[in-house]
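Okay, here's what each chain looks like letter by letter:
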Amino acid sequence: MEKKLRHSRQREMICEYLMSSCDHPSAEMIFDALREKLPNISLGTVYRNLKLLEETGQIRKVTTYQNTDRYDARSEDHAHFVCSCCGCVKDLAPLDAASASSSCHIDPGDKVQWMNVIFGGTCAACMNR
């Protein structure tokens, strides 16, 4: 059952910011970016709204190498690459859950409903420095 949310201008602006961002921002990055337009917004409000958006499937949380949560407006199944040097997070191609789960040998009685695949390493920009 999908959770019904009351309209919130703050949540709407957080969602808009995420949709316009390609860098998978953290809650702190979102807070800093929105503070000018929403001077009364708190970091706690950002975290609560990100949690609600994640619970309703509108966004995805990506936990990075340093255990910092970053957020992605792309909610379909896809993998991420996280650079352990600069911390950038990049979207990778969409994944087929059935193919990915069969290659991981999931028990036949288990049903895969979502996945979060993260590859870690060093991005090309850091390698070229």
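Preceding block: the structure.
Since the model is a prediction, treat every value here as computed from it, not as a measurement.

## Topic: unusual backbone geometry
Only a minority of non-glycine residues have a phi that is not negative, and only a minority of peptide bonds are not trans.
Part 1 of the reasoning: For histidine 24, which is not a glycine, the phi torsion comes out positive at approximately 50°.
Part 2 of the reasoning: Relative to the assigned elements, histidine 24 resides in the loop between helix H1 (9-20) and helix H2 (27-34).
Part 3 of the reasoning: The class of histidine 24 is buried, set by a relative accessible area of 2%.
Part 4 of the reasoning: Located in the positive-phi region is histidine 105, a residue other than glycine, with phi close to 55°.

## Overview of the layout of surface pockets
Here the idea is plain: a probe the size of a water molecule rolls over the atoms and shows the empty space left.
Part 1 of the reasoning: Looking at the largest pocket, its volume works out to about 260 Å³.
Part 2 of the reasoning: Lining the largest pocket are Glu54, Gly57, Ile59, Arg60, Lys61, Val62, Ser75, Trp114, Met115 and Asn116.
Part 3 of the reasoning: Sort the elements by how many residues they give to the lining of the largest pocket and strand S1 (residues 60-63) lands first, with three residues.
Part 4 of the reasoning: The residue inventory of the lining of the largest pocket, partitioned by class, reads four nonpolar, three polar and three charged.

## Focus on H1
Part 1 of the reasoning: The first and last C-alpha atoms of H1 sit 16 Å apart over twelve residues, in line with the 16 Å expected at 1.5 Å per residue.
Part 2 of the reasoning: Within H1 the residues assigned to the buried category are Arg11, Met13, Ile14, Cys15 and Leu18.
Part 3 of the reasoning: Turning to H1, the residues buried within the fold contact H2, helix H3 (43-55) and strand S2 (69-72).

## Things to note about H3
Part 1 of the reasoning: An ideal rise of 1.5 Å per residue puts 18 Å on 13 residues; H3 measures up with 18 Å between its terminal C-alpha atoms.
Part 2 of the reasoning: Among the residues of H3, those classed as buried are Thr45, Val46, Asn49, Leu50 and Leu53. With its buried residues spanning 130° around the axis, H3 presents them on a single face. Turned more than 90 degrees from where H3 packs its buried face, Arg48 and Lys51 sit exposed.
Part 3 of the reasoning: Its buried side turned inward, H3 meets H1, H2 and S2.
Part 4 of the reasoning: Taken from the residues just after H3, glycine 57 is the one with a positive phi, measuring 80°.

Definitions and limits used
Residues numbered from 1 in each chain as written. Predicted model: local features only at pLDDT ≥ 70, side-chain atom pairs only at ≥ 80, totals over all residues. Heavy atoms only, no water. Helix = DSSP H or I, 4+ residues; strand = E, 2+ residues; numbered from the N terminus. Buried < 20%, exposed > 50% of the residue type's maximum accessible area, 1.4 Å probe, protein only. 1 Å grid on protein atoms, 1.4 Å probe; cavity = no way out; pocket = protein on both sides within 12 Å on 5 of 7 lines; lining within 4 Å. Points joined across faces, edges and corners; volume = space filled by probe spheres on them. Nonpolar A, V, L, I, M, F, W, Y, C, P; charged D, E, K, R; others polar. Expected span 1.5 Å × (residues − 1). Contact = heavy atoms within 4.5 Å. Arc of directions from axis to C-beta.

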